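An overview of the molecular structure
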Amino acid sequence: MDKDSLLRYTRQNLASWDEAAPLHARINRHLLQEVQNAHYSNLDTHLTRLLLETIDIKGKSCIQICCNNGIDLISLKKKGAGYCLGIDGSQQFIDKAQTLSAAANLKAIEFQCHNIYELPETFLCQFDIALITVGVLNWMPDLPHFMKNCASVLKKGGQLVVEEIHPILSMYVEDETSYIGASYFDKKPFEDENGLDYFNHVKYKAKKNYWFHHTMSDILMAAINVGLHLTYIEELPENIGNYCADLEHTEHNPPLGFVANWSKLGSL
Ligand SMILES: C[S@@+](CC[C@H](N)C(=O)[O-])C[C@H]1O[C@@H](n2cnc3c(N)ncnc32)[C@H](O)[C@@H]1O
């Protein structure tokens, strides 16, 4: 994708995220108290096992890409990670993340506002672990370029850890009983003006945002092509993204999410 289109799509999406931030903050008021708990964690069992048992994040430098209000990175820090940096392209969410990490009274954790497609060069090869959690890949108009930037911030041997909504869900239309209504291979950007209140599923007249569908092979090939070596992948039957959640309990249930871990082979 050419640079102009890439920036047009992502800047428009980020304006839509900025608009949603105050709404999310109202819904998430309880977090200000919760993050003060020494054992606070927003990470589910799959991600916790991967990060603590398979990788061992203790003392390692971590970057969370598209960190939103920072609660996953705050959780990682509480579990013993070293220096932590959260980046997100929405200044509004970065402000929330800073407020929450101050409430949690944590040291050596920072949050900065950057579009993932416009990262500063100072981030190159700086981190042991890069983390991406639920609800990120579909905002990326150009997945190969996104993966390249994720790999670029890792040191040689660094780990990329991803927990995401399973790409097969792009075939489903969400409803009381969600149903198949789209091709798995549809590449048209999905446009929406109903807002980003995915907590309450309340629609509001919002700035337009754009979604992009990537298949599982798009994700795996984007990683292979930038020198990332897949060391673990697991498809998950649980509702991890609050999208088409009813499918978790259907007899012929599709995977709803996946967790994966890649290791960076080279130094660039
Ligand atoms: C659904 S949240 C996912 C993060 C986290 N797992 C969560 O559930 O809060 C998606 C985040 O990606 C950020 N984002 C979307 N496009 C981005 C871009 N091009 N660069 C940086 N951040 C971006 C949004 O601002 C938003 O905070």
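Definitions and limits used
Residues numbered from 1 in each chain as written. Predicted model: local features only at pLDDT ≥ 70, side-chain atom pairs only at ≥ 80, totals over all residues. Heavy atoms only, no water. Near = heavy atom within 4 Å. Polar contact = N/O pair within 3.5 Å; in protein donor to acceptor, adjacent residues only side chain to side chain. Areas by Shrake-Rupley, 256 points an atom, 1.4 Å probe, with all protein chains shown as cover. Helix = DSSP H or I, 4+ residues; strand = E, 2+ residues; numbered from the N terminus. Nonpolar A, V, L, I, M, F, W, Y, C, P; charged D, E, K, R; others polar. Expected span 1.5 Å × (residues − 1). Buried < 20%, exposed > 50% of the residue type's maximum accessible area, 1.4 Å probe, protein only. Arc of directions from axis to C-beta. Contact = heavy atoms within 4.5 Å. Phe/Tyr/Trp six-rings, centres within 6.5 Å; stacked < 30°, edge-to-face > 60°. Core = buried A, V, L, I, M, F, W, Y, C linked by side-chain atoms within 4.5 Å. Pairing = 2+ DSSP bridges. Axes fitted to C-alpha atoms, helices over the stretch in contact; angles between N-to-C directions.

The next point concerns the site of the ligand. In the neighbourhood of the ligand, 19 residues make up the surrounding shell, with Asn68, Asp88, Ile116, Thr133 and Val134 lying closest. Threonine 133 has a polar side-chain atom sitting 2.6 Å from a nitrogen atom of the ligand. Within the backbone of valine 134, a nitrogen or oxygen atom sits 2.9 Å from a nitrogen atom of the ligand. Protein chains bury 92% of the 590 Å² of accessible surface belonging to the ligand in isolation. In terms of residues, the shell around the ligand owes the most to one element, helix H1 (residues 3-27), which gives three residues. Here the shell around the ligand is built from residues that sort into nine nonpolar, eight polar and two charged.

On to helix H5 (residues 91-103). Here H5 spans 18 Å end to end across 13 residues, near enough to the 18 Å set by a 1.5 Å rise per residue. Every buried residue of H5 is accounted for by Phe93, Ile94, Ala97, Leu100 and Ser101. Here the buried residues of H5 occupy an arc of 125° about the axis, which is enough to place them on one side. Here the buried face of H5 lies against H1, helix H2 (31-34), helix H4 (71-78), strand E2 (84-88) and strand E3 (109-113). One or two residues past the end of H5 sits asparagine 105, with phi positive at roughly 60°.

A word on the packing of aromatic side chains. Taken as a whole and assessed by the stated rule, the structure comprises seven aromatic pairs. Ring centres of tyrosine 9 and tyrosine 210 lie 4.9 Å apart, and the angle between their planes is 70°; on these two criteria the pair is classed as edge-to-face. Of this pair, tyrosine 9 sits in helix H1 while tyrosine 210 is found in strand E9 (residues 209-211), placing the two residues 201 residues apart along the sequence. Each member of the pair, tyrosine 9 together with tyrosine 210, is buried. Ring centres of tryptophan 17 and phenylalanine 93 lie 5.9 Å apart, and the angle between their planes is 70°; this geometry places the pair in the edge-to-face category. Highlighted residues: tryptophan 17 in helix H1 and phenylalanine 93 in helix H5, separated in sequence by 76 residues. Through pairs of rings, three or more aromatic residues link up here, namely Trp17, Phe93, Trp139 and Trp211.

Now for the nonpolar core. Formed by 47 residues in total, the largest nonpolar core has its most connected members in Ile63, Ile65, Phe146, Leu160 and Leu228. When residues of this core are traced back to their parent elements, those giving at least two are H1, strand E1 (62-65), E2, strand E4 (127-132), helix H6 (143-152), strand E5 (154-165), helix H7 (216-224) and strand E11 (257-264). Broken down by element, this core gets its largest block of residues, five residues, from H6. Not counting residues within four places of it along the chain, the set of residues in contact with phenylalanine 146 comprises Ile65, Ile116, Tyr117, Ile132, Val136, Leu137 and Met140. Core analysis: the next-biggest nonpolar cluster, separate from the first, contains 29 residues, Leu51, Ile71, Cys84 and Leu100 among them.

The seven strands are arranged E3-E2-E1-E4-E5-E11-E10 in an open sheet whose pairing can be described as mixed. The open sheet is flanked by E3 and strand E10 (228-236), the only strands paired with a single partner. Each strand of the sheet is rotated relative to its neighbour by a mean of 15°, with strand direction disregarded. Sheet topology note: the E1/E4 ladder contains three bridges and is parallel. What sits directly across from glutamine 64, in E4, is leucine 131. Lying over the sheet, H4 contacts E1, E2, E3 and E4, oriented at roughly 160° with respect to E3. On the sheet, H5 packs against E2 and E3 and is oriented at approximately 165° with respect to E3.

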